[in-house]
Amino acid sequence: MSDNTSADVVVIGSGIVGATLAHRLAKQGASVLMLEAGPRFDRGAIVANFRNSPRKDDFMSPYPFSPWAPHPQYKPSDNGYLVQAGPYPYPAEYIRMVGGTTWHWAAQAWRVLPNDMRMKTLYGVGRDWPLSYEELEPFYLEAEIRMGVTGSTKNGSPRSQPFPMPPVAESWAQRRFRERLAPAGYEVIENTVARNSQNYDGRPACCGNNNCMPICPIDAQYHGGLAADAAEAAGVKLLVNAVVYRIEHDAKGRIAAVHYYDPDKKSTRVTGKVFILAANGIESPKLLLLSASDKYPNGLANSSDTVGRHLMDHPSNKLTFETEEANWPGRGPMSPASINHLRDGAFRSESAAYRIDISDASQVLAVTQELIAKGVYGVDLEQQLRHRAARQVSLKNVMEQLPLPQNRVVLSPRKDALGIPTPQIHYEMDDYIHKGMALARIEYGKIAALMGGTNLRYSDEGKYSNNQHITGTLSMGSNPADSVVDSHGRSHDHENLFIAGTGIMPTSATVNSTLTAVALALRSSESIKASL
């Protein structure tokens, strides 16, 4: 065992949140060491992998799989990394490599609504946040400027300043949805995205490749790889293939060091003054539970028994149909616009709020697979493909989920190649979700009728997809008895341990969680700097 690595700040995880926080602290003069379990991979190699992949609809297929830092894979078969304990499956996807999972995100970078942070007070469900929207707003703005965020000002989230650039140009399908739904009172707005509409921060504007997921081939959309590059340029030292497996504390409960394995299972001890855990909402609680000791038998930061609990995502159901006119989806961003009037209201005391997302993804592959499965070939295949690929569209919801304590991450009996236990997921859906899904199906039908929809195919009742928005599991709160960290991300149990990422969000809201996690991390940096 070596013990020759040290820094003022040690960051575990090089995703968009950890790298942004590392960058800010380095710019403030701290020495920062960032540890990444996976390898480094560049955009060109990922784009080549995507082009050569036979599974274009598998957003994990272009990304490297490392035996020493495994992540979940489901195609061509489930690798079993996430052990499902039921009663409902939770097939989360995330990437363990430099830059993390935002390499393959849709770049949706929404703010929550102010009421999303006061669910318990306003609606009697969920949890309240230990800070206000007004306290977070300046850091939202900083995150948006850093990431290059744009969108509609009609999204319900108050702003102190404009977006740093105008929205990305409308696609034809987006425009036709907006025009046809407006007379019936449905307002279609641009999604809030970290995607350039013009040259910004040395990166080009979106040119409409329509494969934002799994990889933007020109870096028009921001991602964690860019954040990691910026961190290194600011002086952060990044160690790759460094799999942290234990966090060490001293007799007073302060964090003294972290231990990591390299791919050959050589162990290294890293010391520091402040430690930041910024893996994700599954890997971060896993590491805290792995670090149990005689003093902390239930794991670190877990005196409240809430580490790993309150796992949330955004469950979705879906409608696929064909419009009466050719809308030509497949040009421009894959997820450009949405309908937002059901994100908030008194109904939230009884059923889940949601956003309705309008897909602009190319339908060629899906239609081709469906027709071939039905035995359609030759001229008939070409004719039906041309007709349906120009008209087939889909709607899905992005639905809030309550922070249920039984939805949780624990350690499984299964071990990876380095002998580290893998995560086990306990997950279920409640009536709050089922009621919201039923209401969404009604809305889908109304929207399809306005678009002249035919051949309507709803997803199966009671079967929902998740959106890979891993939230909760490390909830922030004012009371150490029922939360893991305070409003600045500092562990209630260990004064020099901070946790960053979507895991610390007390509620999931109805929007993708990345921008909020980055804003919370930027806010945490003030306390971290003060503690140094």
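These numbers come from a predicted model, not from an experiment.

**Student:** Explain the sheet that holds strand 10 (residues 337–339) to me, please; I cannot follow it from the model alone.
**Tutor:** Adjacent strands of a sheet form backbone hydrogen bonds with each other and so pair up, either parallel or antiparallel. The strand order across the open sheet formed by six strands is 4-10-11-12-9-15, and the pairing between neighbours is antiparallel. The open sheet has two edge strands with one neighbour each: strand 4 (188–190) and strand 15 (454–458). Across the sheet, the axes of successive neighbouring strands diverge by a mean angle of 25°, strand direction being ignored. As judged from the five bridges shared by strand 9 (residues 318–322) and strand 12 (residues 392–399), these two strands associate in the antiparallel manner. Considered in strand 12, the bridge of Thr320 is made with Ser394. Along the sheet, helix 5 (residues 172–181) makes contact with strand 4, strand 9, strand 10, strand 11 (354–358) and strand 12, crossing strand 4 at roughly 145°. Packing against the sheet, helix 10 (residues 431–450) makes contact with strand 9, strand 10, strand 11, strand 12 and strand 15, and its axis sits at approximately 150° to strand 12.

**Student:** What should I look at first to understand the environment of Phe498 in this one?
**Tutor:** Take Phe498: it is sitting in strand 16 (residues 497–499). Of the residues examined, Phe498 reaches a relative accessible area of 1% and is grouped as buried. Separated by 224 residues in sequence, Phe498 and Val274 have C-alpha atoms that sit 7.7 Å apart. Look past the residues within four positions of Phe498 in its chain and what remains in contact with it is Val274, Phe275, Ile276, Leu277, His488, Gly489, Arg490, Ser527, Ile528 and Ser531.

**Student:** Would you mind going over the packing of helix 1 (residues 16–27) against helix 6 (residues 224–233) with me for this structure?
**Tutor:** How two helices pack is summed up by the angle between their axes together with the distance between the axes. In contact at an axis separation of 8 Å, helix 1 and helix 6 are set at 20° when each is read in the N-to-C sense. One way to sum up the angle between helix 1 and helix 6 is to call them roughly parallel. Viewed along their axes, helix 1 and helix 6 form a crossing whose handedness is left-handed. In contact with Ile16, Ala19, Thr20 and His23 of helix 1, helix 6 contributes Gly224, Ala227, Ala228, Ala230 and Ala231.

**Student:** For this particular structure, what's the right way to read the pattern of salt bridges?
**Tutor:** Working definition: two side chains of opposite charge can pair if their charged atoms are close together. Summed over all chains, the structure comprises 34 salt bridges. As a salt-bridge pair, Arg176 and Glu179 come within 2.5 Å of each other at their nearest N and O atoms. Remark: Glu179 and Arg176 occur in helix 5; sequence separation between them is three residues, near one turn of the helix. Across the salt bridge formed by Glu400 and Arg348, the nearest N and O atoms sit 2.9 Å from each other. Placement of the pair is Glu400 in the loop between strand 12 and strand 13 (408–415) and Arg348 in the loop between strand 10 and strand 11, with a sequence separation of 52 residues. Its relative accessible area of 0% is what places Arg348 among the buried residues.

**Student:** Before we go on, may I ask you to explain the environment of His492 in this structure?
**Tutor:** Tracing the backbone shows His492 in the loop between strand 15 and strand 16. Here His492 is in contact with Gly477, Ser478, Asn479, Pro480, Ser483, Val484, Val485 and Asp486, once residues within four sequence places are set aside. Within the structure, His492 has its side chain in polar contact with the backbone oxygen of Gly477 (distance 3.2 Å). In this structure the side chain of His492 is engaged in a polar contact, spanning 2.9 Å, whose partner is the side chain of Ser483.

**Student:** What's the story with the state of the cysteines in this structure? I'm lost.
**Tutor:** One covalent bond between the sulfur atoms of two cysteine residues makes up a disulfide. As enumerated under the stated definition, the model contains zero disulfides in all. Of all cysteine sulfurs in the structure, the one in Cys206 sits closest to Cys207, which takes part in no disulfide; the separation is 6.2 Å. On the accessibility criterion, Cys207 (39% relative accessible area) is partly exposed. We note that Cys216 lacks a disulfide partner, and the nearest cysteine sulfur, in Cys212, lies 6.7 Å from it.

What counts and how
- Residues numbered from 1 in each chain as written.
- Predicted model: local features only at pLDDT ≥ 70, side-chain atom pairs only at ≥ 80, totals over all residues.
- Heavy atoms only, no water.
- Pairing = 2+ DSSP bridges.
- Helix = DSSP H or I, 4+ residues; strand = E, 2+ residues; numbered from the N terminus.
- Axes fitted to C-alpha atoms, helices over the stretch in contact; angles between N-to-C directions.
- Contact = heavy atoms within 4.5 Å.
- Buried < 20%, exposed > 50% of the residue type's maximum accessible area, 1.4 Å probe, protein only.
- Parallel < 35°, antiparallel > 145°, perpendicular 65-115°, else oblique.
- Left-handed = near helix turned anticlockwise from the far one by under 90°.
- Salt bridge = Lys/Arg side-chain N within 4 Å of Asp/Glu carboxyl O.
- Polar contact = N/O pair within 3.5 Å; in protein donor to acceptor, adjacent residues only side chain to side chain.
- Disulfide = S-S within 2.5 Å.

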